[in-house]
Amino acid sequence: MNVKNPPFSVVRGSAAARIALSFVHARDRIDLVAAEILAIEARAEQTFFCDDTGAYHTFQLPHVQLEFAPHIGARIHRLTSQILDEELALLVDGEVIVRPVVREPIGWRGHMSLSANDMDEAEQLAGRLRRCWVNPVLRVV
């Protein structure tokens, strides 16, 4: 009898999914599993809309852009609306990777950006954020 190793499959969105990113403040904690993070991207430029002129302006501003599932964006917006000018810790694998000060409510449109000093720093931060995001959980089927 020839016995083969069983095949593996990627488990996504299970109840026991690993936490990829956490937003932590004394008021609340929001834990995200990988399926709730839609994109993590280091960018060199950022575009802003100017209400006064109705024009878009692009600036050299290295940052990391995060995009979330809609229900997560709403939760982040509720939390950050309550903690203006306070720190919000972002954790990966239980380790604080950045503590940005919340200057305005974020997440309403399902995304946020984290400023960086230069593109190297933005790419390093994006890499740390992706560390848990891209690691699949494997199980024997």
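Preceding this paragraph is the structure being described.
Residues numbered from 1 in each chain as written. Predicted model: local features only at pLDDT ≥ 70, side-chain atom pairs only at ≥ 80, totals over all residues. Heavy atoms only, no water.

(A) Layout of the overall build of the chain. Across its full length, the chain holds 2 helices and 9 strands. Along the chain, helices (α) and strands (β) appear in the sequence β-β-β-β-β-α-β-β-β-α-β when read from the amino end. Expressed as a percentage of the 141 residues in the chain, the buried residues total 30%. The long-range share in the chain, meaning contacts at least 24 apart out of those at least 6 apart in sequence, stands at 63%. (Helix = DSSP H or I, 4+ residues; strand = E, 2+ residues; numbered from the N terminus. Buried < 20%, exposed > 50% of the residue type's maximum accessible area, 1.4 Å probe, protein only. Contact = heavy atoms within 4.5 Å.)

(B) Seen up close, a nonpolar patch on the surface. The grouping of Phe48, Phe59 and Leu61 at the surface amounts to a nonpolar patch, some 270 Å² of accessible area in total. By secondary structure assignment, the location of phenylalanine 48 is in strand S4 (residues 37-50). (Patch = residues over 30% accessible without salt bridge, like charges linked within 9 Å, V, L, I, M, F, W, Y side chains within 5 Å. Areas by Shrake-Rupley, 256 points an atom, 1.4 Å probe, with all protein chains shown as cover. Salt bridge = Lys/Arg side-chain N within 4 Å of Asp/Glu carboxyl O.)

(C) Here's a closer look at the sheet that holds strand S5 (residues 55-68). In space, the 3 strands of this open sheet follow the order S4-S5-S8, with antiparallel pairing throughout. Every other strand in the sheet has two partners, leaving S4 and strand S8 (111-115) as the edge strands with one partner each. Direction aside, the axes of adjacent strands within the sheet are offset by 45° on average. (Pairing = 2+ DSSP bridges. Axes fitted to C-alpha atoms, helices over the stretch in contact; angles between N-to-C directions.)

(D) Representation of the environment of arginine 27 in the model. You can see arginine 27 is positioned in the loop between strand S2 (19-25) and strand S3 (28-33). For the pair formed by arginine 27 and glutamine 82, sequence separation is 55 residues and the distance between their alpha carbons is 8.5 Å. Leaving out residues up to four positions away in the same chain, arginine 27 has contacts with Leu79, Gln82 and Ile83.

(E) Broad picture of the environment of glutamate 45. For glutamate 45, the location among the structural elements is in strand S4. On the accessibility criterion, glutamate 45 (41% relative accessible area) is partly exposed. Among the polar contacts made by the side chain of glutamate 45, one reaches the side chain of glutamine 60 at a distance of 2.8 Å. (Polar contact = N/O pair within 3.5 Å; in protein donor to acceptor, adjacent residues only side chain to side chain.)

(F) Spatial organisation of the pairing of strand S6 (residues 89-92). Side chains Ala89 and Leu91 project from S6 onto one buried face, and the interleaved Leu90 and Val92 project onto a second face that is buried too. Taken together, the 3 bridges between S2 and S6 define a ladder with antiparallel strand orientation. Across the sheet, the residue bridging to valine 24 is alanine 89, located in S6. Turn length for the S6-strand S7 (residues 95-98) hairpin, with the two strands adjacent in sequence and antiparallel, is 2 residues, and the turn residue aspartate 93 shows positive phi of about 55°.

(G) Structural view of the nonpolar core. By size, the foremost hydrophobic cluster in this structure holds 28 residues, and its most contacted members are Leu21, Phe23, Val64, Leu66, Phe68 and Leu129. At the level of elements, S2, S3, S4, S5, helix H1 (70-82), S6, S8 and helix H2 (119-133) are the ones that each hand at least two residues to this core. Considering every element that reaches this core, the biggest residue donor is H2, with 4 residues. Contacts of leucine 129, omitting those with residues within four sequence positions, involve Leu21, Ile40, Val64, Leu66, Val92, Ile97 and Leu114. (Core = buried A, V, L, I, M, F, W, Y, C linked by side-chain atoms within 4.5 Å.)

(H) Looking closely at the pattern of salt bridges. A full pass over the atoms with the stated rule returns 4 salt bridges. Among the salt bridges present, the one from arginine 29 reaches aspartate 31, with a minimum N-O distance of 2.8 Å. According to the relative accessible area criterion, aspartate 31 is partly exposed, its value standing at 29%. The residue arginine 43 makes a salt bridge to glutamate 41 at a minimum N-O spacing of 3.2 Å. Relative accessible area serves as the criterion here: at 34%, arginine 43 is assigned to the partly exposed category. On the basis of relative accessibility, which here comes to 37%, the residue glutamate 41 falls in the partly exposed class.

The analysis is restricted to geometry; functional conclusions fall outside its scope.
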